[in-house]
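# Structural overview
If you want the building blocks of each chain, they are given just below.
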Amino acid sequence: MTYSLSTNIQLVAPSHSPPQQEGSKQLYFALLEERGGIAGQIGELERSTSRSFLLEQLNVAAEIDVGFPTEMQSLPSMLLNDHDQTAQRYRHYLDGRHAGSPRRYFSCRSHAMYFLRTVAPTKLVDGAWLYGLLERWQDSRISPLIQTYLEELGCGNALQNHVVLYKQLLARYGCDKWQDGPDEHFTQGAVQLALAHHGDEFLPELIGFNLGYEQLPLHLLITAYELNELDIDPYYFSLHVTIDNASTGHARKALQSVLDCMPRIGNVAEFHRRVGNGYQLNHVGMGTPQAIKSFDLEQELLRVFADKALIGEKLHSDYCLVAGRSVSDWLSSPDEIADLLRALQSAGWIRRGENPEQSRFWHLLMDEQAPMFGVFNGYEQQLLRDWILDDAGKMSTTRAINRFRRRPTTEHVEGAPTAMQSGTTIAQIIAHHAREAPRLGACADVDALFQQLAGVDSKAEAFAVLSGMLSPANHPTPAGLAATRLYTDLFSR
Ligand SMILES: [Fe+2]
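In short, a report on the structure. (Residues numbered from 1 in each chain as written. Predicted model: local features only at pLDDT ≥ 70, side-chain atom pairs only at ≥ 80, totals over all residues. Heavy atoms only, no water.)

The next point concerns the coordination of the iron ion. Within the protein, Asp126 (OD), Glu152 (OE), His162 (ND1) and His240 (NE2) serve as the donor atoms for the iron ion, at 2.0 to 2.2 Å. Around the iron ion, the four donor atoms sit at angles spanning 84 to 166 degrees, and that spread fits a shape best called irregular. Note on glutamate 152: relative accessible area 2%, which makes it buried. (Donors = N, O, S within 2.8 Å, 3.2 Å for Na, K, Ca; no water. Tetrahedral: all angles 85-135°; square planar, octahedral: opposite > 155°, others 65-115°. Buried < 20%, exposed > 50% of the residue type's maximum accessible area, 1.4 Å probe, protein only.)

Going through the model one piece at a time under the given rule, you end up with two cavities of 30 Å³ or more. Counted as a void, the second largest cavity has a volume near 30 Å³. Taken together, Thr118, Val119, Thr122, His185, Met286 and Ala291 make up the lining of the second largest cavity. Here the residues of the lining of the second largest cavity sort into three nonpolar, three polar and no charged. (1 Å grid on protein atoms, 1.4 Å probe; cavity = no way out; pocket = protein on both sides within 12 Å on 5 of 7 lines; lining within 4 Å. Points joined across faces, edges and corners; volume = space filled by probe spheres on them. Nonpolar A, V, L, I, M, F, W, Y, C, P; charged D, E, K, R; others polar.)

Attention now moves to the nonpolar core. If you look at the biggest cluster of nonpolar residues, it comprises 143 residues, and the most contacted ones within it are Tyr166, Phe237, Phe361, Phe450 and Tyr487. Look past the residues within four positions of phenylalanine 237 in its chain and what remains in contact with it is Phe115, Leu116, Lys123, Tyr166, Leu169, Leu220, Thr223, Ala224 and Leu227. (Core = buried A, V, L, I, M, F, W, Y, C linked by side-chain atoms within 4.5 Å. Contact = heavy atoms within 4.5 Å.)

A separate point is the environment of glutamate 380. If you trace the backbone, glutamate 380 turns up in helix H19 (residues 378–389). Spatially, the C-alpha atoms of glutamate 380 and phenylalanine 305 are 9.2 Å apart, while their sequence positions differ by 75 residues. The contacts of glutamate 380, once residues within four sequence positions are left out, are Lys177, Val304, Lys308 and Val375. (Helix = DSSP H or I, 4+ residues; strand = E, 2+ residues; numbered from the N terminus.)

The next thing to look at is the packing of helix H6 (residues 143–152) against helix H12 (residues 250–261). In the contact formed by H6 and H12, the axes pass within 9 Å of each other and the chain directions differ by 150 degrees. By the angle between their axes, H6 is roughly antiparallel relative to H12. When the axes of H6 and H12 are compared, the crossing they make is left-handed. Between H6 and H12, the residues in contact are Pro144, Leu145, Gln147, Thr148, Glu151 and Glu152 and His250, Lys253, Ala254 and Ser257, respectively. (Axes fitted to C-alpha atoms, helices over the stretch in contact; angles between N-to-C directions. Parallel < 35°, antiparallel > 145°, perpendicular 65-115°, else oblique. Left-handed = near helix turned anticlockwise from the far one by under 90°.)

In structure tokens:
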């Protein structure tokens, strides 16, 4: 059934055929790995599977009551009220902290790093759902959302591209091994990628989802505060506090797009229902509060050791005995890892409740030229450190001291095109970008991109070539960033 609501926007009621079962994780990687070359298209199998998955998740979302208003007129006041409540609750949190309350979210530093890994599948497709709107660039009601997407992509500036920023954050703290998480870590990311490729059919759901995603949640504020306190750069999170603001930021644009897209002569009630369903779609899968609560220091450490055992089982000599057994023997039984850790404590190799420097085992990992140097990444080292300390209270409870000040906004990327005068033709603008695009790294892709643009002299033609390179899979690459810069330049004219 098709609802014709206005000149450009068609509402197609999703058919509720039984969805195919597909693991979120498998679909997530399939959608990201299917780069589709410059067209940014996914294959037919991924298309049908992701559509089924989206329908399934929308059905789940339909049962989640988050207080979405029954009347569209109430929407602005509801959002304003939510924003005020968030501000008040954050004030209450800060007052508590200043009065000496402990951290609310992160028991220790490895807990915070665990959180960064757990939400990585979602953060690494930040903004993806908006990709599905690029082809509507001529629709003034959608333009603010395309602008939002371009800003998520840093307008082609790698230092401001949210996905690139999050990748750098993970790498900086040794948290970039996130791919082995369970299926539930990938559900939100898979939803966002599915929306990216079904923007036509699910437009009301997409703009409803965007409305929900761009609201300022309390957990974002607290997360930024406590990461800073634990010496972890909170920039990615604090950036979203400012960029999503309800006054002029993405939250404002999100609301305006819902109001602008509301049908004038079509089925308003159905539009409203579908926007609400999309709004609720933000709550499927594992969200920030659940990700934080799911941490168990000892279980996480045992998981890491079991993981190491798979690789290290055959690599230890038999000279070293723990409780009369060789290390290789211990590691051949992953179920006995907890016993191994107890044996290491009994033998005095690990001294819990003391500074890790007092533990011989710690030095086997950390000292230069130590036998296990480099085996544990930054996150895993922090886990072991916190577990040996055996008391989160010993961790720093220093109030946020702004170690990580807001980074200066980079308005110009080295080698990126400088501003051009108005009145220049599209072909001249493209040639300008082709000349000035940085040729670091995969310059072959950048050259190939501009070869595809040879002879193009209209926005429509240029966008037809460029859009695919702005896909969630392509945009954080050198050619994707070059395409985003050119797209942003043309879009603003
Ligand atoms: Fe973002």
